[in-house]
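# Summary of the model geometry
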Amino acid sequence: DTAVSQTPKYLVTQMGNDKSIKCEQNLGHDTMYWYKQDSKKFLKIMFSYNNKELIINETVPNRFSPKSPDKAHLNLHINSLELGDSAVYFCASSQARGTTEAFFGQGTRLTVV
Amino acid sequence: AQSVTQLGSHVSVSEGALVLLRCNYSSSVPPYLFWYVQYPNQGLQLLLKYTSAATLVKGINGFEAEFKKSETSFHLTKPSAHMSDAAEYFCAVRNQGGSEKLVFGKGTKLTVNP
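Now for a look at the structure at hand. (Residues numbered from 1 in each chain as written. Chains lettered and ligands numbered in written order. Predicted model: local features only at pLDDT ≥ 70, side-chain atom pairs only at ≥ 80, totals over all residues. Heavy atoms only, no water.)

Next up on the list: the nonpolar core. Membership of the largest hydrophobic core comes to 28 residues, with the highest contact counts inside it found for B:W35, B:L48, B:F74, B:L76 and B:Y89. A total of 4 residues in this core trace back to one element, the largest contributor, which is strand β10 (residues 87-95) of chain B. Beyond its immediate sequence surroundings of up to four residues, B:L76 is in contact with B:V19, B:L20, B:L21, B:W35, B:L47, B:L48, B:F63, B:E64, B:A65 and B:Y89. One finds A:V4, A:F64, A:L74 and A:L76 within the second-largest nonpolar core, a separate group that totals 20 residues. (Core = buried A, V, L, I, M, F, W, Y, C linked by side-chain atoms within 4.5 Å. Buried < 20%, exposed > 50% of the residue type's maximum accessible area, 1.4 Å probe, protein only. Helix = DSSP H or I, 4+ residues; strand = E, 2+ residues; numbered from the N terminus. Contact = heavy atoms within 4.5 Å.)

Okay, structure coming up:
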């Protein structure tokens, strides 16, 4: 069983569209994250949730809205997609606050055309 | 604020040679430190982590790293490179008991030549 799974793996869409990426973890972790990896491979955190509560919200356009229906799921919805949103988005989870490593999904490669 | 600097965006070694990937951190409190590896078109996989136990940490695939507080470093080494080690390597830091987030370095691409 995949520990952290994201869908879809690839997403190609036109500018202005709205899209969602889903993430699920079966590790029983309390904390989940969204990271963005740009074309230069730089990884930057976007959001973090702990037990469905938003605890980190970095400087991200409000077109990006995370939603955590339960502690095993963290979805990312993006409105009015722009060319600059093209990147690989990684979901991750960790067991406890600030003490352990994060486990990453396989990533979603978003291409906006 | 915590940060990580990885010296060298590209490192090239010959198969069988020593691998040394450098990581220096900046943190106001004792940190947790991690090395992740990313193979092409894949997610990040944890290689090893330092969580204030032993300063020499052994990881998977023959990698190890040594935490040196005096040098604020956590360099990754492997005695003998294998072709399958070619990948992107990321050092990351997280403050103990503080911010939830992992802060990553910019990555080092390792190339292994036959």
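The subject of this paragraph is the sheet that holds strand β8 (residues 73-78) of chain A. Residue and element names in this part refer to chain A. Pairing is antiparallel in the open sheet, where 4 strands are placed in the order β1-β3-β8-β7. Of all strands in the sheet, those bounded by a partner on one side alone are β1 (4-7) and β7 (64-70). The average angle at which neighbouring strand axes cross in this sheet is 20°, direction not considered. As paired strands, β7 and β8 are joined by 5 bridges and run antiparallel to one another. Following the sheet pairing, K67 is matched in β8 by N75. (Pairing = 2+ DSSP bridges. Axes fitted to C-alpha atoms, helices over the stretch in contact; angles between N-to-C directions.)

Moving on to the pattern of salt bridges. A side chain of one charge can pair with a side chain of the opposite charge if their charged atoms are brought near each other. Residue and element names in this part refer to chain A. Scanning the model with the defined rule gives 7 salt bridges over all chains in all. Across the pair R63 and E82 runs a salt bridge whose closest N-O atoms are separated by 3.5 Å. Linking R63 in the loop between β6 (53-57) and β7 with E82 in the loop between β8 and β9 (87-94), this pair joins segments that are 19 residues apart in sequence. Connected through salt bridges with shared partners, the residues R63, E82 and D85 form a single ionic network. (Salt bridge = Lys/Arg side-chain N within 4 Å of Asp/Glu carboxyl O.)

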